[in-house]
Amino acid sequence: MKHDPKSPDTSVLPGGPRHVAIIMDGNGRWATQRGRPRLFGHHAGAKRVREVVEACPDFGVEYLTIFAFSTENWKRTQVEVAGLMSLFRRYITKETRSLSEFGVRVRFIGDRVRLDDKLIKMMNDLEQATAHNTRVHLTIALNYGGRDEVARATKRLARDVAEGRLDPDKVDEETLPRYLDTYVLPDPDLVIRTSGEARISNFLLWQSAYAEYEFIDTLWPDFRKDEFGRLCAAYGGRDRRFGAVKT
Ligand code: IPE
Ligand code: IPE
Ligand code: MG
């Protein structure tokens, strides 16, 4: 059944995370385990995204942010980088219709400057085509790095100060996030990293200051809806104190 993209679902998992961010890691190892080239793993990984996006309303997740390519991933071989860029173009072409029909609003974060013009245009078009949707807010981090984002934000903030639009005495912790790529998004409640690595690799550094984390062994191409649901349910049982003591 086609969903009216304008009407958001109400949460079916009370106390679940509103915003989940995922570091989709392990594609390369998944392929190597099968004796296949790393790009085979990236293609298998891209196929998993739809199931996770479409599971969001079932778990009350309104915002899903996925790490697709980091500012550090340019260090990989030219073959892998070119293959990934071509995969992103293919993904956008292939998924635009189903994302729109499901009511997904797509946004991209990261620095677009280093991406090729064709891909940038496809990203802009997808953002515009889905701008009226509200059921799931999918944010794709592409050429994204938390430090790079803070540096770019600081540059714009400094320019506003230099040109008299911002009073430096008024800068506080509410000011900087307005300059971040994520300025329209709530902070992530739950950050999941697949593949067994317990690090955040420059993902959402500012925004995840008080996120809950789940580091799981599953390689990204094996990540399924049931595991996503278990992690969202487990989040509901956590006691987020934000530095305070409950009385
Ligand atoms: C994550 O999988 C996808 C990207 C970083 C683009 P990896 O490619 O990092 O997979 P592993 O960590 O080598 O297994
Ligand atoms: C993080 O994974 C980036 C993405 C998932 C896109 P990496 O595989 O690049 O991270 P490291 O190198 O293991 O820290
Ligand atoms: Mg990796």
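Cut-offs and rules
Residues numbered from 1 in each chain as written. Chains lettered and ligands numbered in written order. Predicted model: local features only at pLDDT ≥ 70, side-chain atom pairs only at ≥ 80, totals over all residues. Heavy atoms only, no water. Near = heavy atom within 4 Å. Polar contact = N/O pair within 3.5 Å; in protein donor to acceptor, adjacent residues only side chain to side chain. Areas by Shrake-Rupley, 256 points an atom, 1.4 Å probe, with all protein chains shown as cover. 1 Å grid on protein atoms, 1.4 Å probe; cavity = no way out; pocket = protein on both sides within 12 Å on 5 of 7 lines; lining within 4 Å. Sits in = over half its atoms within 2 Å of the grid points. Helix = DSSP H or I, 4+ residues; strand = E, 2+ residues; numbered from the N terminus. Points joined across faces, edges and corners; volume = space filled by probe spheres on them. Nonpolar A, V, L, I, M, F, W, Y, C, P; charged D, E, K, R; others polar. Core = buried A, V, L, I, M, F, W, Y, C linked by side-chain atoms within 4.5 Å. Buried < 20%, exposed > 50% of the residue type's maximum accessible area, 1.4 Å probe, protein only. Contact = heavy atoms within 4.5 Å. Pairing = 2+ DSSP bridges. Salt bridge = Lys/Arg side-chain N within 4 Å of Asp/Glu carboxyl O.

## Here we look at the site of ligand 1
(1) Moving on: The immediate surroundings of ligand 1 are formed by 13 residues, with D25, G28, R29, R38 and R76 found nearest.
(2) Moving on: Taking N27, its main chain carries an N or O atom lying 3.2 Å from an oxygen atom of ligand 1.
(3) Moving on: Protein chains shield 87% of the accessible area of ligand 1, which is 380 Å² for the free molecule.
(4) Moving on: Put simply, ligand 1 lies in the largest pocket.
(5) Moving on: Looking at the shell around ligand 1, the elements that each hand over two or more residues are α1 (27-33), α2 (38-55) and α3 (78-102).

## Structural notes on empty space enclosed by the protein
(1) Moving on: Applying the stated rule across the entire model yields one cavity of 30 Å³ or more.
(2) Moving on: Approximately 30 Å³ is the volume found for the largest cavity.
(3) Moving on: What lines the largest cavity is simply H19, T65, I109, T182, L185, P186, P188, L204 and Q207.
(4) Moving on: In terms of residue class, the lining of the largest cavity is built from five nonpolar, four polar and no charged.

## Let's talk about the site of ligand 2
(1) Moving on: Every residue lining ligand 2 is accounted for by I23, M24, D25, F67, A68, F69, N73, R76, R193, R199 and S201.
(2) Moving on: Within the side chain of D25, a nitrogen or oxygen atom sits 3.2 Å from an oxygen atom of ligand 2.
(3) Moving on: For ligand 2, whose free accessible area comes to 390 Å², the fraction covered by protein is 78%.
(4) Moving on: When each cavity is represented as a set of grid points, ligand 2 is found to reside in the largest pocket.
(5) Moving on: Counting residues per element, the shell around ligand 2 draws most heavily on strand β2 (residues 63-70), at three residues.
(6) Moving on: Its residues assigned to classes, the shell around ligand 2 shows five nonpolar, two polar and four charged.

## A closer look at the nonpolar core
(1) Moving on: Core analysis: the largest hydrophobic core is formed by 45 residues, its most contacted members being V20, I22, L64, L138 and F228.
(2) Moving on: Among the elements that make up this core, the one with the highest residue count is α3 (nine residues).
(3) Moving on: Leave out the neighbours within four places in its chain, and I22 touches V52, L64, T65, I66, F67, I192, F203, W220 and F223.
(4) Moving on: In terms of nonpolar packing, the next biggest core, distinct from the first, is built from 10 residues, F67, A141, V191 and F203 among them.

## Overview of the pairing of strand β1 (residues 19-23)
(1) Moving on: Extensive coverage of β1 is indicated by the burial of five of its five residues.
(2) Moving on: Going residue by residue along β1, you find H19, A21 and I23 tucked away on one face and V20 and I22 tucked away on the opposite face as well.
(3) Moving on: As paired elements, β1 and strand β5 (residues 190-193) share four bridges and run parallel to each other. Counted as the bridge partner of A21 is V191 from β5.

## Examining the pattern of salt bridges
Working definition: two side chains of opposite charge can pair if their charged atoms are close together.
(1) Moving on: Going through the model one piece at a time under the given rule, you end up with 26 salt bridges.
(2) Moving on: Here R193 and D25 are joined by a salt bridge, their closest N and O atoms 2.8 Å apart. Taken together, the residues R193 in strand β5 and D25 in the loop between β1 and α1 connect sequence positions 168 residues apart.
(3) Moving on: The buried category is assigned to D25, whose relative accessible area is 16%.
(4) Moving on: Between D160 and R165 there is a salt bridge; the shortest N-O distance is 2.7 Å.
(5) Moving on: Under the relative-accessibility criterion, D160 is labelled buried at 16%.

That is the geometry; function is a separate question.
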